[in-house]
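Next come the chains, spelled out residue by residue.
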Amino acid sequence: MRAIIIGAGIAGLATALRLHQIGWDTLIVERAPGRRGGGYAVTFGGIGYDAAERMGILPGLRARSFETTELVYHKSDGSRRFALDRATIAATTGARSITILRGDLESVLYDKVRDHTTIRFGTTLTAIDQDEHAVRVTLSDGTVETADLLIGADGLHSATRALLFGPEEDFLLDLDHRVAVFMLERRPAGIAPGATGTLSSRGRTAAVISAGDGRNVAFFGYRAGHARPDEDVTTQLNRVYGDLGWVIPEALAGLEGADSVYFDTISQVVAPSWSSGRVVLLGDAAWCVTLFAGYGSALAVGGADRLGTELAAHPGDILRALNAWEAAIRPEAERKQRLGRRVKGVYAPANPVLLWLSLLPLRLATLPPVRRYMASRFIKG
């Protein structure tokens, strides 16, 4: 059996690995000219952690993970509001989870699967044709490839989804925020090694993450009301955040030396079905829970693992396998989407009172009785 996978990100690489494990051949088609690195930090747990353990990649992920020694919340002038120590952070995430950069998660998957798949970089999908026996895809390099299954793992702005179901505006739910993420060449002096500092002010959130091995990530998320159409990322971030102190000026200055910047809207994908015939969407292309829910990478790996399981359980019956897979994954994806929509309102509060209320649960987590309760529930139980 053969699958063509569109997208060489976390979802695509995890799918290629899982399909290799059940005996399939795969071809990955990736729009970018080469592999990407960096990206924002994710808490990787839940069904993704369980799947990584089954797929044999958990040791590699743990080796690339990092611990946040302190999470410091700052006021707009840079002074401290409060901080969570390592034990409190662990109590809020649970034992079966790790913190890792998206790029490192991709690297572990790539190293595991690169000898078992073919990756065609700098290539895009231009047409899909299928019947009851096979699916044929036309690629931007002029070639036509045939397979038993086509998997669209090409992210929020999926070309596969557009060709299969229609234009993305029919499926994207805009959550009225924008995000920019990039790696910094050096750690700002105001961020301790291993620490994360964050600041929220008037509908804007910024964070700098010390991610281990001398790497540092700048993260900016803000309400769409601050954005202006056709404004490039450098102009927009400097205008939106230029009045803030603390380490913000150093982080903004790091834009000039950044190898790449992730800059996009924060949007969910809401699709009534994730497959049609021998074509299926997976990862952000199918559900995109957004960073508000903080579960996208875990769902991508967990979804890839379950897809392989269902294909192996229904040999020769792809349609039945896809239906069983969607029935298993959709409830979890929709639950996380609902969480993401709830978090939207308190992520970057414009009202100071709402900001105080949004931080109250974290303040309470610093109290020993609350922390002990959380530890007993999430870590020991």
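Look up: the structure comes first, before these words.
Residues numbered from 1 in each chain as written. Predicted model: local features only at pLDDT ≥ 70, side-chain atom pairs only at ≥ 80, totals over all residues. Heavy atoms only, no water.

Asker: I'm lost on the sheet that holds strand S14 (residues 204-210) in this one. Help?
Answerer: Pairing between sheet strands relies on hydrogen bonds along the backbone, with the strands arranged either parallel or antiparallel. Read across the sheet, seven strands follow the order S5-S4-S13-S14-S15-S12-S16 without closing on themselves; strand pairing throughout is mixed. Each edge of the open sheet is held by one strand with a lone partner, namely strand S5 (80-85) and strand S16 (262-269). The mean inter-strand angle of the sheet, taken between neighbouring strand axes irrespective of direction, is 20°. The sheet contact formed by strand S13 (residues 195-201) and S14 spans six bridges and is antiparallel. Within S14, the position partnered with Gly197 by the bridge is Val208. The strands touched by helix H7 (residues 233-241) are strand S12 (172-184), S14, strand S15 (216-223) and S16; relative to S15, the strand with the most contacts, the crossing angle is about 75°. Against the sheet, helix H10 (residues 318-347) makes contact with S12, S13, S14, S15 and S16, and its axis sits at roughly 75° relative to S12, the strand it touches most. (Pairing = 2+ DSSP bridges. Helix = DSSP H or I, 4+ residues; strand = E, 2+ residues; numbered from the N terminus. Axes fitted to C-alpha atoms, helices over the stretch in contact; angles between N-to-C directions. Contact = heavy atoms within 4.5 Å.)

Asker: Explanation requested: the nonpolar core in the structure shown.
Answerer: Grouped burial of nonpolar side chains is what soluble globular proteins tend to show. Residues Phe44, Leu61, Leu149, Ile151 and Trp287 are the most contacted members of the largest nonpolar core, which totals 74 residues. In terms of nonpolar packing, the next biggest core, distinct from the first, is built from 22 residues, Ala180, Ala218, Trp246 and Ala258 among them. (Core = buried A, V, L, I, M, F, W, Y, C linked by side-chain atoms within 4.5 Å. Buried < 20%, exposed > 50% of the residue type's maximum accessible area, 1.4 Å probe, protein only.)

Asker: Teacher, can you tell me more about the packing of aromatic side chains here?
Answerer: In this description, a pair of aromatic rings is defined by centroid distance and the angle of the planes. A complete count under the given rule lists nine aromatic pairs for this structure. Residues Phe220 and Tyr241 carry aromatic rings whose centres are separated by 4.7 Å and whose planes lie at 70° to one another, so their mutual orientation is edge-to-face. Of this pair, Phe220 sits in strand S15 while Tyr241 sits in helix H7; the two residues are 21 residues apart in sequence, bridging distant segments of the chain. One exposure class covers both Phe220 and Tyr241, and it is buried. The structure contains a cluster of three or more aromatic residues connected by ring pairs, namely Phe182, Phe220, Tyr222 and Tyr241. In this structure, Arg35 is placed above the aromatic ring of Tyr110, and the distance from its NZ or CZ to the ring centre is 4.3 Å. The ring of Phe263 has Arg178 sitting right over it, with the charged end atom 4.5 Å from the ring centre. (Phe/Tyr/Trp six-rings, centres within 6.5 Å; stacked < 30°, edge-to-face > 60°. Lys NZ or Arg CZ within 6 Å of the ring centre and 35° of its normal.)

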